[in-house]
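Each chain, written out:
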Amino acid sequence: MLRRVLGRDLPVVSHGRGALLYDRDGNEYLDAAGGAIVVNVGHGDESVVAAMAAQARRVAFAHGTQFTSDALEAYASDVATVLPLDDAHIYPVSGGSEAIETALKIARAFHLARGDAARHRVVARAGSYHGNTLAALDASGRPALRAPYEPWLGRTHHVPAAYEYRCPLPSHPADCGRRHAELLDETFRALGPETVACFVAEPVVGAALGAVTPPPGYWPAVAEVCRDHGVLLVADEVMTGFGRTGEWFACDHWGVRPDVLVAAKGAASGYWPFGFAACSGHVFRALERGGFTHGFTYSHSVVGAAVAHAVLRRLRDDGLVAAAGARGARLRAGLSDALDGHPWVGDVRGTGLLVAVELVVRPADKTPFPRSERVTERVLARAARRGLLVYPSTGGADGRDGDVLLFGPPFVITDEQVDDVCARTRAALDDVAAGAD
Ligand code: PLP
């Protein structure tokens, strides 16, 4: 097998329950990463497993050009009630990268349907991640991931990240949100607004920078700039969607209603490869008129819809979105306390249960560690030896250096487990600071 990780032995997973995973050797891991910030409802959820099995028993596959299904139709209308879109319509696919590709094509098809054939450009941000397929990678602002494939990339235009801890604006901290919106406006004007199809961004940045929440005023001002120029706003909520930030979607924190929204990860909580691009009613009606040339063998999965619907019910019926907000506040406060005085801790930040710790050589001047020291990787390895799983985020400081520990546990994590995450993180950091590999 060509494993996801080359050159390192991996433990063999055995089973999972709630916020815990076990390997075949009987070791227990507190999953503070939810895999890759995926398993929102927790491991081993019987209601999701039962829905998956029941649907697969009835019918597992029916092609999207030949059939729709009760499972798909019921999910589409139910999920529309929680999406921050007017009259939402979803296009289900197998994951985040496919969903981003779908969203970009929806934007293009929308403009074509309206006779705006010149609108093809995509504008995105530095310090972002939108996926590993080629258009999604081109939208992403992560130099290390792009580097091997640069000859195939280069169509997307990037504006600066809204990264308050390392804000490059001369006027910082005054009015950063509005200033970023002005920069976006200037970029649209320089490109020719009549050529720009969409602006794609994560409402709260996930793994590229580590739980970076934009400054106040940023999202409403950015949405207005997009609207003024007829540019579709695509919100990438692959990591932040379905309760992760303590609201159903991160856009909800600012009352922002995008034209297209992309979800995956938490939508099916890891139980099925599932995601979707959703568009608002006015976009949908243009696609109905002009057509939409697209599709995958595994899009519109009937089992995927049944699983995602069970996840949606679990989040809604058991108040898990509010739980994410409460546990997230505890985690952030607990990490701040536990790491207080540690010489490497530059910033503890986040929204809801998407929380990050940025590590620097000296907090006073925010100098990042050289990437060659692999600080994040060493802390993660020590944490795993202490039975704690944390997600890495590297390269965010300047495109190469930068070390961030990212936390995104299942929403069913208990208060005691949250406290345990904080204590074990401190211990792992102390191990590495003392020279352990
Ligand atoms: N967008 C964001 C914000 C992500 O965090 C990710 C994955 O980490 C993706 C898109 C790509 O999703 P996938 O890995 O399911 O293709």
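Residues numbered from 1 in each chain as written. Predicted model: local features only at pLDDT ≥ 70, side-chain atom pairs only at ≥ 80, totals over all residues. Heavy atoms only, no water.

Right, let's get into the overall build of the protein. The helix and strand tally for the protein stands at 13 helices and 15 strands. A compact globule built from 437 residues should have a C-alpha radius of gyration of about 22 Å, and the protein, at 21 Å, falls within 12% of that. Each principal axis of the C-alpha distribution contributes one length, and for the protein these read about 65 × 60 × 40 Å. With 437 residues in all, the protein has 55% of them scored as buried. Of the contacts formed within the protein by residues at least 6 apart in sequence, a portion of 74% connects residues at least 24 apart. Here the protein displays about 18300 Å² of accessible surface, and carbon together with sulfur accounts for 52% of that area. Counting 44 positive and 51 negative side-chain charges, the protein places the centres of these two groups 3 Å from one another. (Helix = DSSP H or I, 4+ residues; strand = E, 2+ residues; numbered from the N terminus. Rg over C-alpha atoms; globule rule 2.2 N^0.38 Å. Buried < 20%, exposed > 50% of the residue type's maximum accessible area, 1.4 Å probe, protein only. Contact = heavy atoms within 4.5 Å. Areas by Shrake-Rupley, 256 points an atom, 1.4 Å probe, with all protein chains shown as cover. Lys, Arg positive; Asp, Glu negative; His and termini not counted. Charge placed at Lys NZ, Arg CZ, Asp CG, Glu CD.)

Here we take up the site of the ligand. Taken together, the residues surrounding the ligand are Gly-95, Gly-96, Ser-97, Tyr-129, His-130, Gly-131, Glu-202, Asp-236, Val-238, Met-239 and Lys-265. Contacts to the ligand include Ser-97, whose side-chain N or O atom sits 2.6 Å from an oxygen atom. Interatomic distance of 2.7 Å between a side-chain N/O atom of Asp-236 and a nitrogen atom of the ligand. (Near = heavy atom within 4 Å. Polar contact = N/O pair within 3.5 Å; in protein donor to acceptor, adjacent residues only side chain to side chain.)

To continue, consider the environment of Val-260. Tracing the backbone through its elements, the reader meets Val-260 in strand 9 (residues 260–263). When the C-alpha atoms of Val-260 and Val-283 are compared, they prove to be 8.2 Å apart, with 23 residues separating the residues in sequence. Sequence-distant contacts of Val-260, that is, excluding residues within four places in its chain, are made with Leu-85, Ala-103, Ile-106, Leu-233, Val-234, Ala-235, Ala-278 and Cys-279.

Checked against the element boundaries, Leu-233 lands in strand 8 (residues 232–236). You can call Leu-233 buried: its relative accessible area is 3%. Sequence-wise, Leu-233 and Val-256 are 23 residues apart; in three dimensions their C-alpha atoms are separated by 9.9 Å. Once you skip the residues sitting within four places of it in the chain, Leu-233 turns out to touch Phe-199, Trp-219, Ala-223, Cys-226, Val-256, Pro-258, Asp-259 and Val-260.

The next point concerns unusual backbone geometry. Backbone torsion omega between His-172 and Pro-173 reads 5°, so that peptide bond is classified as cis. Not every positive phi belongs to a glycine, and Ile-37 is a case in point at roughly 60°. Mapped onto the elements, Ile-37 comes out in helix 1 (residues 34–37). Positioned with a positive phi, Asp-87 is a non-glycine residue whose angle comes to about 55°. With relative accessibility at 45%, the residue Asp-87 sits in the partly exposed group.

This part takes up the nonpolar core. Ranked by size, the top nonpolar core spans 69 residues in total, and within it Tyr-75, Leu-83, Phe-242, Phe-276, Leu-359 and Phe-407 carry the most contacts. Counting residues per element, this core draws most heavily on helix 10 (residues 302–317), which supplies 10 residues. Dropping the residues within four chain positions of it, Tyr-75 is found in contact with Ile-90, Phe-242, Phe-274, Phe-276, Ala-305, Ala-308, His-309 and Leu-312. (Core = buried A, V, L, I, M, F, W, Y, C linked by side-chain atoms within 4.5 Å.)

What follows is about the sheet that holds strand 1 (residues 13–17). Within the open sheet, the 4 strands sit side by side as 1-2-3-13. Their pairing is mixed. With partners counted over all chains shown, the strands left at the sheet margins are strand 1 and strand 13 (388–389), one partner each. In this sheet, strand 13 lies alongside strand 3 (residues 28–31) in parallel orientation, the contact comprising 2 bridges. Bridge pairing links Asp-31 to Leu-389 in strand 13. (Pairing = 2+ DSSP bridges.)

Bringing the packing of helix 7 (residues 176–191) against helix 8 (residues 218–228) into the picture now. The geometry of helix 7 relative to helix 8 is characterised by a closest axis approach of 8 Å and an angle of 20° between their N-to-C directions. Between helix 7 and helix 8, the crossing angle belongs to the class labelled roughly parallel. Of the two possible hands of crossing, helix 7 and helix 8 adopt the one that is right-handed. Contacts from Gly-177, His-180, Ala-181, Leu-184, Asp-185 and Phe-188 in helix 7 reach Tyr-218, Ala-221, Val-222, Val-225 and Cys-226 in helix 8. Of the residues assigned to the contact of helix 7 with helix 8, the class counts are 8 nonpolar, 2 polar and 1 charged. (Axes fitted to C-alpha atoms, helices over the stretch in contact; angles between N-to-C directions. Parallel < 35°, antiparallel > 145°, perpendicular 65-115°, else oblique. Left-handed = near helix turned anticlockwise from the far one by under 90°. Nonpolar A, V, L, I, M, F, W, Y, C, P; charged D, E, K, R; others polar.)

What the rule picks out here adds up to 29 salt bridges. With its nearest N and O atoms 2.8 Å apart, the salt bridge here joins Arg-257 to Asp-86. Highlighted residues: Arg-257 in the loop between strand 8 and strand 9 and Asp-86 in the loop between helix 3 (70–79) and strand 4 (89–93), separated in sequence by 171 residues. A residue is classified by how much of its surface remains accessible, and Arg-257, at 44% relative accessible area, is partly exposed. With a closest N to O distance of 2.6 Å, Asp-318 and Arg-314 form a salt bridge. Among the charged side chains, a salt-bridge network with shared partners connects Asp-175, Arg-178, Arg-179, Glu-182 and Glu-186. (Salt bridge = Lys/Arg side-chain N within 4 Å of Asp/Glu carboxyl O.)

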